[in-house]
Amino acid sequence: MSNVAPLPKPPHPKERRILFDNLSKDNYSNDIDCYLKHGGYDELKKAMQMKPGDITAQVKTAGVRGRGGAGFPAGVKWSFIRPDNKKPVYLVCNADESEPGTFKDRYIIHQDPHQLLEGMIISCYAVNAKLAYIYIRGEFPEGAKILEKALEEAREKNFLGKNILGSGFDCEIYVHRGAGAYICGEETGLIESLEGKRPYPRIKPPYFPAALGLYMSPTIVNNVETLCHVKHIIRMGGEEYAKIGRPNNTGTRVVCVSGDVQKPGNFEIEVGAITMGELLHDLCGGLKEGRKLKAIIPGGSSAKVLRADEKYKIKKKNDQGEMVEEEIGIEDILLDFDTLAAVGSMAGSGGIIVMDDSRNMVETLANINEFYAHESCGQCTPCREGSLWMKKITARMASGHGAEHDTDTLKSVADNIAGKTICAFGEACAWPTQSFVLKFREEFEQAGKALDEHKTEGHHEPTFREVAMEGVATKGA
Amino acid sequence: MDVPADFDQKADEIITRYPVSKRSASLPLLHHWQERFGYISPFAIEWIAKKLELEPINVLELVTFYPMFRQKPVGKLHIRVCRTLSCAMAGGYQLMDKLCEMTGIDRPDHPPHADPITVSPDGRWSIEFVECLASCGTGPVCMINDDFHEAVTPENAGEVLAKYEEQS
């Protein structure tokens, strides 16, 4: 009864749909016959004629960077498997999509599962993985069923199983469901979970998955979107693919826009081809009536927030090829990995959350902090304790009981988490607090005066809950 | 107590997907159990542990870690409301209040260390806040059992619940 909402058709002229190409077609369904009718598995047939090493080389040439969050080049990741490796190799598709603000994988899994499978089988062949898993988050039960069905269809056509298409290559893929833990999106945590344990991330070194991954064997973990790109790299060839986007920021990527815009949704864009302003005004139809932009979280809730009136200095090559410094505003930011890193945030998972001037930043951060406090796995003390303290302090501030020292305490707690934990969750939970407090300090200081004012006035900014209660009361009246 | 033969058979089939280590099948078997019997009982933990040649603690520690597993029965219709930022901005908290009102659930405001799940007095409905359900563009979202519902507002929540009227 429930499926994902269809993408708007036709695509906006500023979009460039490669992964979403099939999804844009009329009457496209997720069964294998429809996929085959639209040229499905042609690239697998092509890849099977190639040498595995050549496929990896093509993916390297293409320069496709991981779409899950870290943005690490997929081909380079693959080539970390030692050439003299004697152990079995595994491939895992990370479909644990749970970074707040990100909602692309479900679209692909529900509407075009065979695209993912084809990308996976080609990737398995390239890295010589005979066993692969799709780690799908537990809250996607329907997605898991769709994938199971697609796998069955692929087996029937001998795209999976023994001696695939007569190549002598055997490969099997299974669906593995998570159970509601965000930390399973971290690749070593995911591997622990796949081994049937609590998903406590492993320390790197030595546990780089390409060396010591699943069952202590070399393992490649790639995001759903990244694996889909592999199919298109084989279709176009690495060099041709690398022409899409900008150097070091190649290909297309899906950006997921949510929050205070007219038309939120998924947009597949050429990386670095459009600016934040074009995304907001052209693709998303601008802000809500009468509202002004206040802030944007550009790469999932872990990414550092960007303030609307900030100016960023970025280095750029001019016409003479010299490096010059340029000052840009938030709407001039090019949507690619390097530019978002240059302005002090990250492209992350592509989840862009837009906030207008109706939003209270203390309350927003309190919401984000509640998420991280809930999701910390608890293995490292700074993160387990710190995320909880940040949640408690911001929740108190948002409910009108802020104290003067809260702003500095928040910063100090966050500063003592980042860089002091086994996995990147430490940074992920510290960055929102660090950036919100730095960039919207006046709001935090204002909230910090509440305890004093409380004694005299008892006034404070309403929280999400209080707004909700008010809504209910009004309706009842 | 014994489990039904078809349940046992399916469990064996699940284990074959993990040729390297049976232990990997612990999450799938927990899902398998919860889908059939509603929650993870002490017997379930012992049964799964035995099936996978593990100690019961190896299974229990998963149940207490992963938020989706529960050790108590829930309503026949279990609602998960997304609490995280984009949905909260779109009105997720208002949706939670409305759903509680409609299902007759008296949910404590912020259960600090309590069970996050609240069940309606008639046992038909249960509800909990969950973290990001990865549908941020169409918030507020909720799940009712395995079904996903997007853009559910206090105004149209009644229509969504009505679809479950016939299910007892």
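Residues numbered from 1 in each chain as written. Chains lettered and ligands numbered in written order. Predicted model: local features only at pLDDT ≥ 70, side-chain atom pairs only at ≥ 80, totals over all residues.

Re the nonpolar core
Residues and elements named next belong to chain A.
Phase 1: Formed by 186 residues in total, the largest nonpolar core has its most connected members in Val92, Met120, Ile121, Ala132 and Tyr135.
Phase 2: No other element matches helix H6 (residues 113-127), which puts nine residues into this core.
Phase 3: Among all residues touching tyrosine 135, those that are not within four sequence positions of it are Val92, Cys93, Asn94, Ala95, Asp96, His176, Gly178, Cys184, Leu190 and Leu194. (Core = buried A, V, L, I, M, F, W, Y, C linked by C-beta atoms within 7 Å. Buried ≥ 20, exposed ≤ 12 C-beta atoms within 10 Å, placed from the backbone. Helix = DSSP H or I, 4+ residues; strand = E, 2+ residues; numbered from the N terminus. Contact = placed C-beta atoms within 7 Å.)

Observations concerning the sheet that holds strand S3 (residues 125-130) of chain B
Residue and element names in this part refer to chain B.
Phase 1: Sheet architecture is open: five strands sit in the order S2-S3-S1-S4-S5, paired in mixed fashion. On the outer flanks of this sheet lie strand S2 (118-119) and strand S5 (147-149), each paired with one strand and no other.
Phase 2: Pairing of S2 with S3 involves two bridges; the strand directions are antiparallel. Within the sheet, the bridge partner assigned to threonine 118 lies in S3 and is isoleucine 127.
Phase 3: Sitting on the sheet, helix H6 (residues 92-103) is in contact with strand S1 (77-82), S3 and strand S4 (142-144), with an inclination near 160 degrees to S1. (Pairing = 2+ DSSP bridges. Axes fitted to C-alpha atoms, helices over the stretch in contact; angles between N-to-C directions.)

Notes on the environment of alanine 74 of chain A
Residue and element names in this part refer to chain A.
Phase 1: With respect to the helices and strands, alanine 74 occurs in helix H4 (residues 74-78).
Phase 2: Given 25 C-beta atoms within a 10 Å radius, alanine 74 is considered buried.
Phase 3: Considering only alpha carbons, one finds alanine 74 and glutamine 49, 25 residues apart in sequence, at a separation of 21 Å.

Considerations on helix H7 (residues 141-156) of chain A
Residues and elements named next belong to chain A.
Phase 1: Taking 1.5 Å per residue, 16 residues should reach 22 Å; H7 reaches 23 Å between its end C-alpha atoms and fits that length.
Phase 2: Restricting attention to buried positions, one finds in H7 the residues Gly143, Ala144, Ile146, Leu147, Ala150, Leu151, Glu153 and Ala154.
Phase 3: If you follow the buried residues of H7, they end up packed against helix H1 (32-37), helix H5 (105-111), H6, strand S2 (129-136) and strand S3 (172-177).
Phase 4: The positive-phi residue at the C-terminal boundary of H7 is asparagine 158, with phi of around 65 degrees. (Expected span 1.5 Å × (residues − 1).)

Notes on the sheet that holds S2 of chain A
All names here are of chain A.
Phase 1: Strand order in this open sheet of four strands is S3-S2-S1-S4, and the pairing throughout is parallel. The open sheet is flanked by S3 and strand S4 (219-223), the only strands paired with a single partner. The sheet shows a mean angle of 20 degrees between the axes of neighbouring strands, taken without regard to direction.
Phase 2: With five bridges connecting them, strand S1 (residues 89-95) and S4 associate as parallel partners. Its bridge partner lying in S4, cysteine 93 is registered against asparagine 222.

Side note on unusual backbone geometry
Phase 1: Proline 205 of chain A connects to proline 206 of chain A through a cis peptide bond whose omega is 5 degrees.
Phase 2: The omega torsion of the bond from glycine 139 of chain B to proline 140 of chain B falls at -5 degrees, within 30 degrees of zero and hence cis.
Phase 3: Along the chain, proline 140 of chain B falls in the loop between S3 and S4.
Phase 4: Of note, asparagine 27 of chain A is a non-glycine position whose phi angle comes to about 60 degrees, a positive value.
Phase 5: Of note, asparagine 27 of chain A is situated in the segment before H1.
Phase 6: Using a count of 5 C-beta atoms within 10 Å as the deciding quantity, one classes asparagine 27 of chain A as exposed.

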